Amino acid sequence: MPTTSSSSLTDAGEPSRCANCGERFAVPKPNYCGACGQESNLRPPGLMEFIQQLGGAYISTEGALWRTLWRLLLQPGQLTKEYLAGRRKHYVLPLRLYLTISVLALLSLRLMTSAQIEDQAPQLRGAGGASSIELKTGEQANIQIGGLGGYRAGLKDGVFFCEQLPATMCKRLERRLTLDQVGMAQELLQLSERALNNLGATLFVLLPCFAIWLKLLFLDRRMYYTEHMVFALHLHAFWFAMLLLLLIDWPPLSAAAGLASAVYPVIALHRVYQTPWWSTLLRAFVLMALNVSSIALVLAVFALLTLVS
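Residues numbered from 1 in each chain as written. Predicted model: local features only at pLDDT ≥ 70, side-chain atom pairs only at ≥ 80, totals over all residues. Heavy atoms only, no water.

Under the definition given, this model contains zero disulfides. C36 supplies the cysteine sulfur nearest to C18, a cysteine that is in no disulfide, at a spacing of 3.6 Å. For C18, a relative accessible area of 5% translates into the label buried. For the unlinked cysteine C33, the closest cysteine sulfur is that of C21, found at 3.6 Å. (Disulfide = S-S within 2.5 Å. Buried < 20%, exposed > 50% of the residue type's maximum accessible area, 1.4 Å probe, protein only.)

Below, the discussion takes up the pattern of salt bridges. Counted under the stated rule, the structure contains two salt bridges. For R87, the salt bridge is made with E82, and the minimal N-O distance between the two is 2.7 Å. Taking relative accessible area as the criterion, R87 reaches 46% and is therefore assigned partly exposed. (Salt bridge = Lys/Arg side-chain N within 4 Å of Asp/Glu carboxyl O.)

Buried residues of helix α2 (residues 64-74): A64, L65, T68 and L72, and no others. Buried residues of α2, seen end-on, are gathered within an arc of 90° and therefore sit on one face of the element. (Helix = DSSP H or I, 4+ residues; strand = E, 2+ residues; numbered from the N terminus. Arc of directions from axis to C-beta.)

Overall, the coordinates contain five aromatic pairs when judged by the stated rule. Judged by centre distance (4.0 Å) and plane angle (15°), the rings of F218 and Y273 are stacked. With F218 in the loop between α7 (199-217) and α8 (225-246) and Y273 in helix α9 (residues 251-273), the pair connects residues that are 55 residues apart, well separated along the chain. Consider the rings of F231 and Y273, whose centres lie 5.5 Å apart with planes at 65°: the pair is edge-to-face. Placement of the pair is F231 in helix α8 and Y273 in helix α9, with a sequence separation of 42 residues. Both residues of the pair, F231 and Y273, count as buried. Cation over ring: R88 sits above Y83, and NZ or CZ is 4.0 Å from the ring centre. (Phe/Tyr/Trp six-rings, centres within 6.5 Å; stacked < 30°, edge-to-face > 60°. Lys NZ or Arg CZ within 6 Å of the ring centre and 35° of its normal.)

The next subject is the confidence of the model for the protein. Regions with low pLDDT should not have their predicted coordinates read in detail. In this model, the protein carries a mean pLDDT of 77, and residues with pLDDT of at least 70 account for 67%. Low confidence marks residues 1-12, where pLDDT is under 50. Its contacts with residues over four positions away, or in another chain, come to 13 contacts. Confidence drops under a pLDDT of 50 for residues 121-140, and excluding neighbours within four residues, the segment shows 22 contacts in the predicted structure. (pLDDT = per-residue confidence, 0-100. Contact = heavy atoms within 4.5 Å.)

Let us look at a nonpolar patch on the surface. A cluster of nonpolar side chains, namely W278, L282, F285, V286, M288 and V292, defines an oily patch on the protein surface of about 660 Å² accessible area. Checked against the element boundaries, V286 lands in helix α10 (residues 277-308). Judged by relative accessible area, V286 falls into the partly exposed class, the value being 32%. (Patch = residues over 30% accessible without salt bridge, like charges linked within 9 Å, V, L, I, M, F, W, Y side chains within 5 Å. Areas by Shrake-Rupley, 256 points an atom, 1.4 Å probe, with all protein chains shown as cover.)

A separate point is the packing of α7 against α8. Relative orientation of the contacting elements α7 and α8 amounts to 125°, with a least axis distance of 8 Å. Taken together, the axes of α7 and α8 are oblique relative to one another. Crossing handedness for the pair α7 and α8: right-handed. Every residue of α8 that contacts α7 at L203, L207, P208, F210, A211, I212, L214 and K215 is listed here: Y225, H228, M229, F231, A232, L233, L235, H236, W239 and F240. (Axes fitted to C-alpha atoms, helices over the stretch in contact; angles between N-to-C directions. Parallel < 35°, antiparallel > 145°, perpendicular 65-115°, else oblique. Left-handed = near helix turned anticlockwise from the far one by under 90°.)

A few words now on unusual backbone geometry. Note the cis peptide between V27 and P28, where omega equals 0°. With respect to the helices and strands, P28 occurs in the segment before α1 (47-59). One non-glycine residue, Q274, lies in the positive phi region at around 55°. Positionally, Q274 belongs in the loop between α9 and α10.

Structural data, given as structure tokens:
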């Protein structure tokens, strides 16, 4: 009959060493291992324990998530200051916070707007009941794609124009717009949904660009690029949280979220970078212009690539 070594079990038949790191327990046996922190009383988990593990301290009232959201939503810039000061243990890390809120916001946006895009699209009719775009004869089409920095193409009173774009792209757009108006109309109807599908990836790609603008605008603060990236993650996480509020169909809440989205960045910039208010306002205006231009450029490129592909 097999015997059990007394070096690994106590007299009560319980392990005298930690199952995780092998550290010998003191007597009386503590609830947690003094070396690695794992529980000493191991047993098969019950249903409630699974639920506790799912939430744990992360979503408890005293946990990191609620503490982080309080700083993020109600104290502009304070969460970034806490992180840069080294106080990180009790807060959700910036990238994890951004991904969590952005995924929730984009998923909600997708669910709420996909049906609206379909409902607002014109009826598609064709010969024999087939699905197609009904184009009325005798009307002059007016379509413009792009426009930022003079890069644009489209139809004006039925005449194709293409400015400052590569010749090959102009030729493909002209063929699509003038010879395949039904297909182009279908592409335009689907463009909003495609842009929505790629919104999250677009903003995530633009995050490093946003941090570059911060680096250039606040060169006098002598901060590392990664420190600007932390601020960018926290600010975009706040904007996604406001997007969640905007999806709620209640005008006072939507107005408050829109106002907060404009005021919050200025206060956060002032608190984190500690510049005078006049300087903060000026830099915030330039930052907004650069950020809007970057987003518009990326979306315009995306639209052009969608239409010529």
